[in-house]
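Listed below are the residues making up each chain.
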Amino acid sequence: MKAAVCKTIENETKDMRTGYCEAMMELAEKNPKITALDADLMAAMGMAPFGKKFPGQTVDCGIQEANMVGVACGLSAAGYVPFAHTFAPFITRRACDQVFMSGAYAKMNVKLVGSDPGITAELNGGTHMPFEDMGIMRGIPTMTVIEPTDIAMLKNLLPKIAKTYGMHYLRLVRKSVKKVYEDGSDFEIGKAVTLREGDDLTVIASGFCVAEALRAADLLKTEGISVRVLNMFTWKPIDKEAILAAAEETGGIVTAENHNVINGLGSAVAEVLVKEKPVPVKMVGVQDEFGEVGKLHELSKRFGLEAEQIAEAVKEVIKRKESK
């Protein structure tokens, strides 16, 4: 079964962290080398059931993120497959040198999991609200950078990530997200998913913004505007073929991300286009700002990530395309 989109995009019935724990337990049952590491967030990440069932495959390193990455790299060197989790700002900003030197430079096999990305950190506020994590990670050589959209995608990708040697960064929402894909859908790392076909423009979205991009497409359809929607869940290696095809066939692109537009998804897409197929582009995302305290619906509007704002960006780019 390939990726099948749900007929109705609604909230998941359980949190992403629950799906993560279930998927990790399935992996650990089959492979005793699978290990889960955490920086004193086992309960927050919903991994207590994993620790109880697999105590010999669980390491809580305490609030020592850099040390946790070092431990993970040591386990990798000994032949284990470590998944190391903490909040996204800590595993990217705080432990960056350990990730770079002990992990990537040393050619280790570590799976880094950063939770509460962007505005999904909500009430934890600006200190815990990473708008730069994916940019940091995609700048590290050999790093594969992925943002699973929902539980169906997460459960399909985790076994593939576990079997693929190398450094991986997973940007993972802890709590509820919109269910975009049917259970049992299949995905290929590095290949975008076409969620909607369209001829007038393309929206390339990731994570939280995927459901908003679909809603924007529905809004624009009522105005006679046909929008292609791509889910670019792999930021690195990025799907160049899908980007270039969208540029060729629709003539313009809007990117939508729960991340700083500087060194984010928009930048990654623009890097492809500027080399081979320049077209009008607008980047919907955080405009070089810090995060702040708030509820998800408040923050999505505050930072311009809602469907209505994506739709306005589409109309702006269409005007630019037509004026050429």
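Everything here concerns the structure above.
Here we summarise the structure given alongside this text. (Residues numbered from 1 in each chain as written. Predicted model: local features only at pLDDT ≥ 70, side-chain atom pairs only at ≥ 80, totals over all residues. Heavy atoms only, no water.)

Burial runs high along helix H8 (residues 208-221): 10 of the 14 residues are buried. Looking only at H8, the buried set comprises Phe-208, Cys-209, Val-210, Ala-211, Glu-212, Ala-213, Leu-214, Ala-216, Ala-217 and Leu-220. (Buried < 20%, exposed > 50% of the residue type's maximum accessible area, 1.4 Å probe, protein only. Helix = DSSP H or I, 4+ residues; strand = E, 2+ residues; numbered from the N terminus.)

Time to look at the sheet that holds strand E11 (residues 227-231). Read across the sheet, 5 strands follow the order E9-E11-E10-E13-E14 without closing on themselves; strand pairing throughout is mixed. One side of each edge strand has no neighbouring strand; the edge strands of this open sheet are strand E9 (193-196) and strand E14 (281-286). Averaged over all neighbouring strand pairs, the angle between strand axes comes to 25°, with direction disregarded. When strand E10 (residues 201-205) meets E11, the two strands line up parallel, connected through 5 bridges. Residue Ile-204 lies in a different strand from E11, and its bridge partner there is Leu-230. In this fold H8 packs onto E9, E10, E11 and strand E13 (253-260), with an angle of close to 170° to the strand it touches most, E11. The sheet strands contacting helix H10 (residues 265-276) are E10, E13 and E14, and the helix crosses E13 at an angle near 140°. (Pairing = 2+ DSSP bridges. Axes fitted to C-alpha atoms, helices over the stretch in contact; angles between N-to-C directions. Contact = heavy atoms within 4.5 Å.)

This part takes up helix H3 (residues 65-77). Helix length check: H3, at 13 residues, gives a terminal C-alpha distance of 19 Å against a target of 18 Å (1.5 Å per residue), a fit within 8%. Among all positions of H3, only Glu-65, Met-68, Val-69, Ala-72, Cys-73, Leu-75 and Ser-76 are buried. Along the axis of H3, the buried residues cluster in a sector spanning 160°; they form a single face. Phi turns positive one or two residues past the end of H3, at Gly-79, with a value near 100°. (Expected span 1.5 Å × (residues − 1). Arc of directions from axis to C-beta.)

With that settled, the discussion passes to a nonpolar patch on the surface. A cluster of nonpolar side chains, contributed by Phe-100, Met-101 and Tyr-105, occupies part of the molecular surface with about 320 Å² of accessible area. The residue Met-101 is located in helix H5 (residues 96-105) in this model. We classify Met-101 as partly exposed; its relative accessible area is 40%. (Patch = residues over 30% accessible without salt bridge, like charges linked within 9 Å, V, L, I, M, F, W, Y side chains within 5 Å. Areas by Shrake-Rupley, 256 points an atom, 1.4 Å probe, with all protein chains shown as cover. Salt bridge = Lys/Arg side-chain N within 4 Å of Asp/Glu carboxyl O.)

Read these as layout, nothing more, since geometry by itself doesn't imply function.
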